[in-house]
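Summary of structural features
Below are the chains, spelled out letter by letter.
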Amino acid sequence: MTGYYDLILGLIPLALIGVTGAVSAAGLSLAAAVPVGATVSVLLIGHALFVNGPVDNSPESTSAAPALQTNSAD
């Protein structure tokens, strides 16, 4: 099953080539269309890294110092 990051990895070159081609076909010069396609690719990478970033699902490791325990005199 394809996950979110598999789709992002497929969309990065597709956006770079597809958006560049579409903007170029719309009448913009190739020298101006490449930065537009690259911007879309960078936005996809930024979303994958910072908005929906990868997280480690492993439990937190215990620190070297023992946890503080409070003893009640009650």
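Above this text you will find the structure in question.
One structure accompanies this document, and this report is about it. (Residues numbered from 1 in each chain as written. Predicted model: local features only at pLDDT ≥ 70, side-chain atom pairs only at ≥ 80, totals over all residues. Heavy atoms only, no water.)

**Comments concerning the packing of helix α1 (residues 4–25) against helix α2 (residues 30–51)**
Let me state the cut-off plainly: Each axis is a line fitted through C-alpha atoms, taken for helices only over the stretch in contact, and angles between the N-to-C directions span 0 to 180 degrees. To qualify as a helix, a DSSP run of H or I must reach at least 4 residues; to qualify as a strand, a run of E must reach at least 2; elements of each kind are numbered from the N terminus. Should an angle lie under 35 degrees it is considered roughly parallel, over 145 roughly antiparallel, and from 65 to 115 roughly perpendicular; all remaining angles are considered oblique. Crossing chirality is assigned from the near helix's rotation relative to the far helix, an anticlockwise turn below a right angle marking it left-handed and a clockwise turn marking it right-handed. Any two residues having at least one pair of non-hydrogen atoms within 4.5 Å are treated as being in contact.
Orientation of α1 relative to α2, taken along the N-to-C sense of each, is 165°, at an axis distance of 7 Å. Comparing their axes, α2 and α1 come out roughly antiparallel. Along this stretch, α1 crosses α2, giving a crossing that reads as right-handed. For the pair α1 and α2, the contacting residues are Tyr 4, Tyr 5, Ile 8, Leu 11, Ile 12, Ala 15, Leu 16, Val 19, Thr 20, Val 23 and Ser 24 in the first and Leu 30, Ala 33, Val 34, Val 36, Gly 37, Ala 38, Val 40, Ser 41, Leu 44, Ile 45, His 47 and Ala 48 in the second.

**Points about α2**
Heads up, the rule is: A helix is expected to span 1.5 Å for every residue after the first. Exposure categories follow from relative accessible area, calculated using a 1.4 Å probe and restricted to protein chains: below 20% of the type maximum is buried, above 50% is exposed, and the middle band is partly exposed. Each C-beta atom gives one direction from the helix axis, and the arc is the one those directions make.
Taking 1.5 Å of rise per residue, the 22 residues of α2 would be expected to cover 32 Å, and the 30 Å separating its terminal C-alpha atoms lies within 8% of that figure. When α2 is considered as a whole, its buried residues turn out to be Ala 33, Gly 37, Ser 41 and Ala 48. In an axial view of α2, the angular spread of the buried residues amounts to 70°, which keeps them on one side of the axis. More than 90 degrees from the buried face of α2, the exposed residues found are Ala 31, Val 42, Leu 43, Phe 50 and Val 51. Tucked into the core, α2 has its buried residues touching α1.

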